[in-house]
Amino acid sequence: MIFKEEVPNKTLHSHVIRTEKVLNEGSCRLQCYLEPNCVSINVGPLKDGSHQCDLNDVTDDKEFAVGLKEKAGFTYNGVEVRSAIAVQRLSDTIYLISDNNFRHLNLLKHA
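Residues numbered from 1 in each chain as written. Predicted model: local features only at pLDDT ≥ 70, side-chain atom pairs only at ≥ 80, totals over all residues. Heavy atoms only, no water.

> An account of the state of the cysteines is needed here, citing residue identities and associated values.
All told, the structure shown has two disulfides when counted by the stated rule. Here Cys 28 connects covalently by a disulfide to Cys 53, the sulfurs 2.0 Å from one another. Looking down the S-S bond of the Cys 28 and Cys 53 bridge, the torsion is 75°, so its handedness is right-handed. Of the two residues, Cys 28 is situated in helix H1 (residues 25-34) and Cys 53 in strand E5 (residues 51-56); the sequence distance between them amounts to 25 residues. Of the two residues, Cys 28 and Cys 53, both sit in the buried class. The disulfide that involves Cys 32 links it to Cys 38, with 2.1 Å between the sulfurs. Torsion about the S-S bond of the Cys 32 and Cys 38 cystine: about -100°, corresponding to left-handed handedness. For the pair Cys 32 and Cys 38, one class covers both residues: buried. Within the protein, bonded cysteines paired by disulfides and numbered along the sequence follow the pattern 1-4, 2-3. (Disulfide = S-S within 2.5 Å. Helix = DSSP H or I, 4+ residues; strand = E, 2+ residues; numbered from the N terminus. Buried < 20%, exposed > 50% of the residue type's maximum accessible area, 1.4 Å probe, protein only.)

Structure follows, in structure tokens:
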């Protein structure tokens, strides 16, 4: 997962799938990586020193660019979405790895 260049003082609205309280922007990026539907984040400071982390299900590309709104202190950060998938088989488990998520499937053994 590769994040694009940050857009300061902007957030993406109407596409937040989950909001988390995190220590920093790096923690927010990790939350996005762990959420299969996350393709962008909004991050901003909270009064207690932690950060608000909004996980979004769209990026600012194309028609959603109009969804970026001014919000002082926050940063919008989109993910570069790629479609490449690597498949690896180890014993009876298949691991599907792409830039946006990680999945594993257990194979059924036939008797």
